[in-house]
Amino acid sequence: MENLAVVVGGAGRTGRLIVRRLLEQGERVRAVGRSAQHARRNLPPGATYAPGDVRDPASLGRPLAGASTVVFCVEPGTDDEGPDRPEATMFLGVANVLEAATAGGERPHVVLVSQLHVTHQGHPLNAYGRLLDWRRAGEELLRESGLPYTVVRPGWLLDDRSAGHRVRLEQGDRGFGQVSRPDVADACVHALRCPEARGVTFEIFNEPGPASASWESAFGSLEQDRALVA
Ligand SMILES: NC(=O)c1ccc[n+]([C@@H]2O[C@H](COP(=O)([O-])OP(=O)(O)OC[C@H]3O[C@@H](n4cnc5c(N)ncnc54)[C@H](OP(=O)(O)O)[C@@H]3O)[C@@H](O)[C@H]2O)c1
């Protein structure tokens, strides 16, 4: 059976770039999201769309069935209560997607798009529905899932490379900066292919300078999460 890459949030501004890159590599790609209209407007030709809401486990069975790789690239919401609270999307939503993606016995590589500052409990962003706490809890679920995974923590997103062409990967959540959606998309897609990107969590930023030589060597300089915890 041909490989199937599922991009949850695939019609989003970063998600659609991920979808495009996967298609260019000849992958079969399914984008999952809440809005068919959003998907029609934003998905490149060749991608299929399946309706699914990460907050609703019943909606995820079909969209995730048979996935050999999964990218989770969903906007969290910022309410303190109700359906648009980060707990629902970034924690329960991640749990729901992992459950659906493994229901048939598959063990897909899962790339989770998170964000910088998730370990900074006192950061002002955490006032919005404990956004950072729930994102970090979702990361933890993935790290403990036993699945091959990569956690990508982008800096502040830009549509272009005005913050620079060089990509800087860091670990430890101490850095700050901006990064282009195209570079985040590249990181996600290359992470699915590079063994060096398995089992790692990293922040990603742009800085002035020439584009980096290879993703393999960038990923190769990272510590495995297990090594960081030990
Ligand atoms: N903005 C920043 O500076 C920044 C910094 C670091 C990290 N990030 C994170 O990077 C990721 C990509 O950001 P972006 O700005 O490119 O995203 P975006 O354009 O806002 O797209 C997010 C996607 O999430 C989907 N989505 C939202 N709720 C969903 C749900 N309950 N179930 C399924 N799909 C859902 C939306 O599709 P539908 O509406 O069709 O469902 C949309 O396509 C996000 O996780 C974002 O939080 C952002």
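To keep things clear, this report deals only with the structure shown in the data block. In this text, all values refer to a predicted model and were calculated from it rather than measured experimentally.

Considerations on unusual backbone geometry
A positive phi angle, close to 75 degrees, is found at His117, a residue other than glycine. Mapped onto the elements of the fold, His117 is located in the loop between strand S5 (109-113) and helix H5 (131-143).

Describing the site of the ligand
Residues in contact with the ligand amount to 26 residues; listed here are only the nearest, Thr14, Arg34, Val74, Arg135 and Arg181. Interatomic distance of 2.9 Å between a backbone N/O atom of Gly12 and an oxygen atom of the ligand. A distance of 2.8 Å separates an oxygen atom of the ligand from a polar side-chain atom of Arg181. About the coverage of the ligand: the protein hides 89% of its 910 Å² of free accessible area.

Digging into the pattern of salt bridges
On inspection of all chains with the given rule, the structure shows 17 salt bridges. Notably, a salt bridge pairs Asp133 with Arg130, separated by 3.1 Å at the nearest N-O pair. Asp133 gets classed as buried once you look at its relative accessible area, which sits at 10%. Judged by its relative accessible area of 44%, Arg130 falls in the partly exposed class. In this structure, Asp159 engages Arg181 in a salt bridge whose closest nitrogen and oxygen atoms are separated by 2.9 Å. Of this pair, Asp159 sits in the loop between strand S7 (156-158) and strand S8 (166-170) while Arg181 sits in helix H6 (residues 181-191), and the two are 22 residues apart along the sequence. For Asp159, a relative accessible area of 54% puts it in the exposed group. Here the salt bridges share partners, and the residues they tie into one network are Glu139, Glu140, Arg143, Arg153 and Glu203.

Section: the packing of aromatic side chains
Inspection of the entire model under this criterion finds 3 aromatic pairs. Ring centres of Phe202 and Phe219 lie 5.7 Å apart, and the angle between their planes is 50 degrees; this geometry places the pair in the tilted category. Taken as a pair, Phe202 in strand S10 (residues 200-207) and Phe219 in helix H7 (residues 215-220) lie far apart in primary sequence, 17 residues in all. For the pair Phe202 and Phe219, one class covers both residues: buried. With a centroid separation of 5.5 Å and an interplanar angle of 35 degrees, the aromatic rings of Trp215 and Phe219 are classed as tilted. Highlighted residues: Trp215 and Phe219, both in helix H7, separated by 4 residues, approximately one helical turn. Both residues of the pair, Trp215 and Phe219, count as buried. Taken together, the ring pairs in this structure connect Phe202, Trp215 and Phe219 into an aromatic cluster.

Examining helix H4 (residues 86-102)
With 17 residues, H4 extends 23 Å between its outermost C-alpha atoms, agreeing within 8% with the 24 Å of an ideal straight helix rising 1.5 Å per residue. Maximum bend of H4: about 40 degrees, positioned at Gly93. Buried within H4 we find Pro86, Ala88, Thr89, Met90, Gly93, Val94, Asn96, Val97, Leu98, Ala100 and Ala101. Buried positions along H4 lie against strand S1 (4-8), helix H3 (61-64), strand S4 (69-72), S5 and H5.

Conventions used here
- Residues numbered from 1 in each chain as written.
- Predicted model: local features only at pLDDT ≥ 70, side-chain atom pairs only at ≥ 80, totals over all residues.
- Heavy atoms only, no water.
- Helix = DSSP H or I, 4+ residues; strand = E, 2+ residues; numbered from the N terminus.
- Near = heavy atom within 4 Å.
- Polar contact = N/O pair within 3.5 Å; in protein donor to acceptor, adjacent residues only side chain to side chain.
- Areas by Shrake-Rupley, 256 points an atom, 1.4 Å probe, with all protein chains shown as cover.
- Salt bridge = Lys/Arg side-chain N within 4 Å of Asp/Glu carboxyl O.
- Buried < 20%, exposed > 50% of the residue type's maximum accessible area, 1.4 Å probe, protein only.
- Phe/Tyr/Trp six-rings, centres within 6.5 Å; stacked < 30°, edge-to-face > 60°.
- Expected span 1.5 Å × (residues − 1).
- Bend = angle between axes of the 7 residues up to and from the residue.
- Contact = heavy atoms within 4.5 Å.

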